[in-house]
Amino acid sequence: MSDAKLLKDIIVAIATLIDEGTFEITPEAINLREMDPSRVAMVDFQWSKSLFDEYNCSQPTKICINITEMLKLLKRAGKGDSVELTLDEERRRLNIKLRGKYVRTFSMPILEAAVEEVPTPKITFNVKAKITTDGIKEAIEDAALVSDHVSIEANEEELIMRAEGDIMGATIEMRKGEGALLDLEVKEPSKATFSLSYLSDIIKAASATSEISTIEFSTDMPIKIDFPIREGKLTYFLAPRIEA
Amino acid sequence: MLIRKVKKKRINRVLNPWIRDLIDDYKVAGDLGVSSNLSVRLGKEVCVVCKGSRLLCGKTRCPLLLRVSYYLKTMPMIRERDLSGSSPPGVFIGRIGYPYVYAGPLVPPINEDTTVFDLPEFWFGKTIDEIVGFRSMLVRGMHRVNVRKPERADKILDLTRDLALSSLCVDVELKFKDRPKKRIVLSDDVQPFGPSALINHMNIDSSKWDRRIEKAYYDGDLKASEAVLYLYDQGVLVSRIQRAFSVGAFGIEKQRRLVPTRWSITAVDSIISNDLIDKIKGYPEINEFRVYESTYLDNRFVVLMVPGKWSYESMEAWYPGTIWNPYSGFTVMLSDWEGYHGRTEYAKIGGCYYSARLAVAEKLAEERRQATVIVLREARPGYIMPVGVWQVRENVRNAMRQRPMKFDSLEEALAWIRGRLHIPLEKWIENSDLLRSLIYQRRITQYLKGLKT
């Protein structure tokens, strides 16, 4: 792959939820779908082989990797470095070769892969909103000033986020077609509440991958946050908080 | 560095002469057995009105009189400007003026086996009178040193270190610059110990070091945190590790520092529990809801363990009239918590956060299980004065030794807890991040099964 930064950004986005992850590598694509340790959030990632300059995979395989460690290595990549990942089946190691002004090869162990396969939640979403990533990031930061959770609601015209803390409150309104809110489709008005620590971690970590993001939700159901990336997908699911 | 400045709640101290008046009163002075003049610094106006008789502060006994009475028992045993006695061993490193602090030995004016005086692991179950009784016999020798140069200091510091690493009582002789001051500082955040005085000469009998601590001391390439973990693994008592840690006995040779006693306690609790938590994260989750409980010195601890990944919250409620909440009319609740990945800031509730964390982590590591843990503490009016965070560590350790109540659901566990605490459950939930998250936060897994339409 010609740009190590692209890989680093994706690993940053994944590492925010999980320490270890299992990549499924098929002749067509790389997939990863994992829940965070407390099973509140899920990341679903895919990169098709067309993204890579060179992609060889003769038979499907699964490799479990310590994502946190991998991120440490990738952070060493300089601007414009290219990266090459190879799997050493015999030694059960993943080699990461960074090619810049000189060539560095790191190797890291492959861990025992988990057998269980997680499906993604099947939910009928009643609201779909397209927002600039910067816009949603700012809004979440605003809400995080006053509380640890935020309710998101939508009607035909606008998307409203409300945060209610012990002493302070915040309301953030985004009108359709104005500024940050690029598009809004509402089948029926909906409202759900989410933990801000998860939301802000996810959005902060994924913000480097895409300039726009799509959120989908329904009343008291998980929210789906989608970051359109080149030749693949990066999607998060976050379970709601339901009070009383 | 793990060592951070410990922020403690503290009330303003104003000079209040009433207790001197009290002691000057010949009747009271007779009761207390005092004849000499004594100056006292202490807390707020309410004491002036109460004068130890009406318990206006809401405590069940006057902490001031308790301390004064023991103090007055100790004073006559100290003659003139020298003292010889058998140190537990014990040392105290102050924090005022950091990095130039007062360090020195704790020596009682008696020559018998005093080992237990500085080993909180053996204090659990003792009454507050007993603890204050033997603690106030410990005279604190003070010697000003720069914490950055523990190895290049003078003889007094060398001897203090020698003493701190000893595994048995050591006979110590001290010569003071002046007679130990007849002054009681009634600050609420210092654990009780006796009078203190500057020392200008110190001598100790030969000490016998703990073999394991000695090994860590002479290893100049072993990091301080690694030394702590090594010793803990070897079964050395936490309070002994902490004592050696405070005199700068561990660490890379050139980086050794003296660590004020107060900070060293938390540093050691934190280093050990962090290591245990790393292990715990690899273990399977518990599969029932458990409630543990222990009460000591009118501090009730209720510990809730929930199946789930490691996370931890420590909450405390201070009744009106208890140490940290003397003057308000309502109960104050404080909470601090960490998620799976731990925390990066010092917990605002202080050292007890880390002491309780050590106690619960020990239990889970021993069982090779993982859980979400919530520690609830009610400090009730009978807890008249602080005795140190060891109380939290040993109290929670005691809770962990009990057979827990086991439940199948969070609701049942909470219903049980409701009956074990004075403060309504709703108050706890309102103030607890983890409890609210457990009750209100849904899991993704709930949307995977049965909902596939």
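Note that the coordinates shown come from a computational prediction; the quantities given were computed from them, not determined experimentally.

Here's the deal with the overall build of chain B
Link 1 in the chain: Of regular secondary structure, chain B possesses 15 helices and 15 strands.
Link 2 in the chain: When burial is assessed residue by residue, chain B has 57% of its 453 residues classed as buried.
Link 3 in the chain: Long-range pairs, those at least 24 residues apart, make up 77% of the contacts in chain B with a sequence separation of at least 6.

Quick look at helix 1 (residues 4-15) of chain A
Residue and element names in this part refer to chain A.
Link 1 in the chain: The first and last C-alpha atoms of helix 1 sit 16 Å apart over twelve residues, in line with the 16 Å expected at 1.5 Å per residue.
Link 2 in the chain: If you check which residues of helix 1 are buried, you get Ala-4, Leu-7, Asp-9, Ile-10, Ile-11, Ala-13, Ile-14 and Ala-15.
Link 3 in the chain: Near the N-terminus of helix 1, the side chain that reaches the backbone nitrogen of Lys-5, with its oxygen 3.0 Å away, is that of Asp-3.

Points about helix 7 (residues 211-218) of chain B
Note that an α-helix has 3.6 residues per turn; residues three or four places apart therefore point the same way.
Residues and elements named next belong to chain B.
Link 1 in the chain: Considered for burial, the residues of helix 7 that qualify are Ile-213, Ala-216 and Tyr-217. The arc that holds the buried residues of helix 7, viewed along the axis, is 105°, so those residues lie on one side. Those residues of helix 7 that are exposed and aimed more than 90 degrees away from the buried face are Arg-211, Lys-215 and Tyr-218.
Link 2 in the chain: Next to the buried residues of helix 7 lie helix 6 (155-164), helix 8 (224-233) and helix 9 (238-246).
Link 3 in the chain: For helix 7, the capping residue at the N-terminal end is Asp-210, with a side-chain oxygen 2.8 Å from the backbone nitrogen of Arg-212.

A few points about a negative patch on the surface
Link 1 in the chain: Side chains of A:Asp134, A:Glu138, A:Glu141, A:Asp142 and A:Glu211 sit close together on the surface and give a patch of like negative charge.
Link 2 in the chain: For A:Asp134, the location among the structural elements is in helix 3 (residues 133-144).

A few points about the sheet that holds strand 5 (residues 100-107) of chain B
Residues and elements named next belong to chain B.
Link 1 in the chain: A sheet is described by the order of its strands in space; here six strands give the open sequence 3-7-9-6-5-4, paired in mixed fashion. Strands at the two margins of the open sheet, each flanked by one partner only, are strand 3 (82-87) and strand 4 (91-93). On average, adjacent strands in this sheet sit at an angle of 40° to one another, irrespective of strand direction.
Link 2 in the chain: The pairing of strand 6 (residues 139-146) with strand 9 (residues 196-204) spans three bridges and is parallel. Looking across to strand 9, one finds that Gly-141 is bridged to Ala-197.
Link 3 in the chain: Together, strand 3, strand 4, strand 5, strand 6, strand 7 (170-176) and strand 9 form the strand contacts of helix 6, whose direction differs from that of strand 9 by roughly 80°.

Brief notes about the domain arrangement of chain A
Residue and element names in this part refer to chain A.
Link 1 in the chain: By domain assignment, chain A separates into domain 1 (4-109) and domain 2 (127-238).
Link 2 in the chain: The centre of domain 1, based on its C-alpha atoms, is set 28 Å off from the matching centre of domain 2.
Link 3 in the chain: Contact with domain 1, which involves 21 residues of that partner, is made by 17 residues of domain 2.
Link 4 in the chain: The interface formed by domain 1 and domain 2 holds one salt bridge in total.
Link 5 in the chain: Lys-233 serves as the salt-bridge partner of Asp-44, at 3.1 Å between the closest nitrogen and oxygen.
Link 6 in the chain: Run the count over domain 1 and domain 2 and you get nine residue pairs in polar contact (both at pLDDT 80 or more).
Link 7 in the chain: Listing elements by their share of the side of domain 1 that touches domain 2, those giving two or more residues are helix 1 and strand 3 (41-48).

Description of the nonpolar core
All names here are of chain B.
Link 1 in the chain: If you look at the biggest cluster of nonpolar residues, it comprises 85 residues, and the most contacted ones within it are Met-202, Phe-250, Trp-310, Val-360, Val-373 and Val-396.
Link 2 in the chain: Looking at which element gives the most residues to this core, the answer is helix 11 (residues 351-367), with ten residues.
Link 3 in the chain: Beyond its immediate stretch of four places on either side in the chain, Val-360 contacts Val-303, Trp-310, Tyr-312, Val-373, Val-375, Val-396 and Met-400.

Quick notes on the pairing of strand 14 (residues 212-217) of chain A
All names here are of chain A.
Link 1 in the chain: In terms of burial, strand 14 is largely enclosed, as five of its six residues are buried.
Link 2 in the chain: As paired strands, strand 14 and strand 15 (residues 223-229) are joined by three bridges and run antiparallel to one another. Bridge pairing in strand 15 links Thr-214 to Asp-226.

Here's the deal with the pattern of salt bridges
Residues and elements named next belong to chain B.
Link 1 in the chain: As enumerated under the stated definition, the model contains 31 salt bridges over all chains in all.
Link 2 in the chain: Notably, a salt bridge pairs Arg-418 with Glu-426, separated by 3.1 Å at the nearest N-O pair.
Link 3 in the chain: On the basis of relative accessibility, which here comes to 44%, the residue Glu-426 falls in the partly exposed class.
Link 4 in the chain: Each of the salt bridges in this network shares a partner with another, and the network as a whole consists of Glu-288, Arg-290, Lys-363 and Glu-367.

Some details on unusual backbone geometry
For residues other than glycine, phi is negative in most cases, and the peptide bonds are mostly trans.
Link 1 in the chain: Backbone torsion omega between B:Pro88 and B:Pro89 reads 0°, so that peptide bond is classified as cis.
Link 2 in the chain: For B:Pro89, the position within the fold is in the loop between strand 3 and strand 4.
Link 3 in the chain: Cis geometry is found at the peptide bond from B:Tyr98 to B:Pro99, where omega equals 10°.
Link 4 in the chain: Tracing the backbone shows B:Pro99 in the loop between strand 4 and strand 5.
Link 5 in the chain: Although it is not a glycine, A:Asp220 sits at a positive phi angle of roughly 50°.
Link 6 in the chain: Structurally, A:Asp220 can be placed in the loop between strand 14 and strand 15.
Link 7 in the chain: Phi at B:Asp298 takes a positive value of approximately 60°, unusual for a residue other than glycine.
Link 8 in the chain: A residue is classified by how much of its surface remains accessible, and B:Asp298, at 29% relative accessible area, is partly exposed.

Calculation rules
Residue positions are given per chain, counting from 1 as you read along its sequence in written order. Whichever chain is written first is A, and whichever ligand is written first is 1; the rest continue in order. Side-chain atom pairs in this predicted model are given and counted only at pLDDT of 80 or more, local residue features only at pLDDT of at least 70, and totals for whole chains, interfaces and linings cover all residues. No hydrogens and no water enter the side-chain calculation; it runs on all heavy atoms of the structure. Secondary structure elements are taken from DSSP: a helix is a run of H or I of four residues or more, a strand is a run of E of two residues or more, and numbering for both begins at the N terminus. Classification of residues uses two cut-offs on accessible area relative to the type maximum, computed with a 1.4 Å probe and protein chains only: under 20% is buried, over 50% is exposed, and between them is partly exposed. Note on definitions: a residue-residue contact is assigned when non-hydrogen atoms from the two residues lie within 4.5 Å. Helix span is expected to be 1.5 Å times the residue number reduced by one. Contacts described as polar in this section are N or O atom pairs within 3.5 Å, which, within protein, must combine one atom able to donate a hydrogen with one able to accept it, while residues neighboring in sequence count only if both atoms come from side chains. Throughout, the arc means that of the directions going from the helix axis to the C-beta atoms. Patch building starts from residues that exceed 30% relative accessible area and form no salt bridge, then joins like charges within 9 Å and nonpolar side chains (Val, Leu, Ile, Met, Phe, Trp, Tyr) within 5 Å. Accessible areas in this description were obtained via Shrake-Rupley with a 1.4 Å probe; residue shielding takes into account the shown protein chains only. One speaks of a salt bridge when a side-chain nitrogen belonging to Lys or Arg is within 4 Å of a carboxyl oxygen belonging to Asp or Glu. In this count, Lys and Arg are taken as positive residues and Asp and Glu as negative ones, while His and the chain termini are left out. Charge positions come from single atoms, namely NZ of Lys, CZ of Arg, CG of Asp or CD of Glu. Pairing between two strands requires that DSSP report at least two bridges joining them. Note on definitions: angles span 0 to 180 degrees between N-to-C directions of axes, and those axes are lines fitted to C-alpha atoms, for helices only across the stretch in contact. All domain edges in this entry derive from an automatic or database-based domain assignment. Among buried residues, the Ala, Val, Leu, Ile, Met, Phe, Trp, Tyr and Cys ones that are joined through side-chain atoms within 4.5 Å form a nonpolar core.

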